[in-house]
Amino acid sequence: SAVISQKPSRDICQRGTSLTIQCQVDSQVTMMFWYRQQPGQSLTLIATANQGSEATYESGFVIDKFPISRPNLTFSTLTVSNMSPEDSSIYLCSVVHNEQFFGPGTRLTVL
Amino acid sequence: AQSVSQHNHHVILSEAASLELGCNYSYGGTVNLFWYVQYPGQHLQLLLKYFSGDPLVKGIKGFEAEFIKSKFSFNLRKPSVQWSDTAEYFCAPHPPGGSQGNLIFGKGTKLSVKP
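What counts and how
Residues numbered from 1 in each chain as written. Chains lettered and ligands numbered in written order. Predicted model: local features only at pLDDT ≥ 70, side-chain atom pairs only at ≥ 80, totals over all residues. Heavy atoms only, no water. Core = buried A, V, L, I, M, F, W, Y, C linked by side-chain atoms within 4.5 Å. Buried < 20%, exposed > 50% of the residue type's maximum accessible area, 1.4 Å probe, protein only. Contact = heavy atoms within 4.5 Å. Pairing = 2+ DSSP bridges. Helix = DSSP H or I, 4+ residues; strand = E, 2+ residues; numbered from the N terminus. Axes fitted to C-alpha atoms, helices over the stretch in contact; angles between N-to-C directions. Buried area = accessible area lost by both parts, 1.4 Å probe. Polar contact = N/O pair within 3.5 Å; in protein donor to acceptor, adjacent residues only side chain to side chain. Nonpolar A, V, L, I, M, F, W, Y, C, P; charged D, E, K, R; others polar. Salt bridge = Lys/Arg side-chain N within 4 Å of Asp/Glu carboxyl O.

**Student:** Help me understand the nonpolar core in this model?
**Tutor:** Grouped burial of nonpolar side chains is what soluble globular proteins tend to show. Counting 29 residues, the largest nonpolar core has Leu19, Trp35, Leu48, Phe74, Leu76 and Tyr89 of chain B as its most contacted members. Excluding anything up to four places from it in sequence, Phe74 of chain B contacts Cys23, Leu33, Phe34, Trp35, Leu48, Tyr50, Val57, Ala65, Glu66 and Phe67 of chain B. With 27 residues, the next largest nonpolar core counts Ala55, Leu78, Val80 and Leu108 of chain A among its residues.

**Student:** What is the right way to look at the sheet that holds strand 6 (residues 44–50) of chain B in this model?
**Tutor:** Hydrogen bonding along the main chain pairs the strands of a sheet, whether they run parallel or antiparallel. All names here are of chain B. Taken in spatial order, the 5 strands line up as 2-11-10-5-6 in an open sheet, and their pairing is mixed. The open sheet terminates on both sides in strands that have one partner only, identified here as strand 2 (10–14) and strand 6. Sheet twist, expressed as the mean angle between neighbouring strand axes with direction ignored, is 25°. As paired strands, strand 2 and strand 11 (residues 109–114) are joined by 5 bridges and run parallel to one another. Along strand 11, the bridge assignment pairs Val11 with Leu111.

**Student:** Looking at this model, I keep getting lost on the interface of chain B and chain A. Mind explaining?
**Tutor:** Interface size, as often reported, equals the accessible area lost upon joining of the parts. The interface of chain B with chain A comprises 12 residues on the first partner and 17 residues on the second. The contact between chain B and chain A buries some 1400 Å² in all, and 55% of this surface belongs to carbon and sulfur atoms. Along the contact surface separating chain B from chain A lie 4 residue pairs in polar contact (both at pLDDT 80 or more). Here the side of chain B that touches chain A is built from residues that sort into 6 nonpolar, 5 polar and 1 charged.

**Student:** Explain the sheet that holds strand 1 (residues 4–7) of chain A to me, please; I cannot follow it from the model alone.
**Tutor:** All names here are of chain A. Strand order in the open sheet made by the 4 strands is 1-3-8-7, with antiparallel pairing throughout. One side of each edge strand has no neighbouring strand; the edge strands of this open sheet are strand 1 and strand 7 (68–72). For this sheet the average axis-to-axis angle between neighbouring strands, irrespective of direction, equals 15°. Of the strand pairs in this sheet, strand 7 and strand 8 (residues 75–80) are connected by 3 bridges, and their pairing is antiparallel. Across the sheet, residue Ser69 finds its bridge partner in strand 8, namely Thr77.

**Student:** Please clarify how the pattern of salt bridges should be interpreted in this entry.
**Tutor:** Once the charged atoms of two side chains with opposite charge are near each other, the side chains can pair. Residue and element names in this part refer to chain B. On inspection of all chains with the given rule, the structure shows 5 salt bridges over all chains. Here Glu66 makes a salt bridge to Arg77, at a shortest N to O gap of 3.1 Å. On the criterion of sequence distance, the pair formed by Glu66 in strand 8 (residues 64–68) and Arg77 in strand 9 (residues 73–78) is long-range, its members being 11 residues apart. Residue class for Glu66 comes out partly exposed when judged on its relative accessible area of 26%.

**Student:** What is the right way to look at unusual backbone geometry in this model?
**Tutor:** Among all residues except glycine, the phi angle is most often negative; among peptide bonds, the trans geometry is most common. Following Lys7 of chain A, the chain continues to Pro8 of chain A via a peptide bond in cis, the omega torsion being -10°. Here Pro8 of chain A is to be found in the loop between strand 1 and strand 2 (10–13). Phi is positive for Asn82 of chain A, which is not a glycine, with a value near 45°. Tracing the sequence through the fold places Asn82 of chain A in the loop between strand 8 and strand 9 (89–97). Phi is positive for Phe72 of chain B, close to 50°, though the residue is something other than glycine. Along the chain, Phe72 of chain B falls in the loop between strand 8 and strand 9.

Put into structure tokens, the structure is as follows:
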């Protein structure tokens, strides 16, 4: 199994600012994933982050808005840049380690 | 476009009632199918999965799901629910050719079980 922690667990931010979300895994994994769950919606994959290469973004998501770092095999960050109220969501980190595991999520509210 | 449909947004049952949550997906080919559950205040966790073989798969806590290829369905069932099954349930097929981890999630079904 894999245990995933995220920081912060929640935050309230002002429009135009940026927030960096951290994801820590208790085992080394090749691929880490960032998802978003907007209110009343399903989880949507934002990007896949492999260690040592640039993240791969899904349609509708761009690096300038959601820059990702993956400095090693147990850690990743997702930054939500120049936030607007539409970015209010739960952001989840996920890894595949025999099966797919999810972090507890970061609940972001943008005012 | 690839999509997943969960038929019920919110299901309310009494304890010991039987449960069936519908899930249909829109694409053909070989797919891997998952159900995830999120208990109040907890992480998403895997409930059960289907890759191949017997289309009736058993998961944790007495849940099972049946893959019906002709109907593009993977419905979740439990013969007798308990109050502790109160949670949100997500169907998540992994589309053919997609990269590992690229699950497409349904909107979820919230299950409330009355004691």
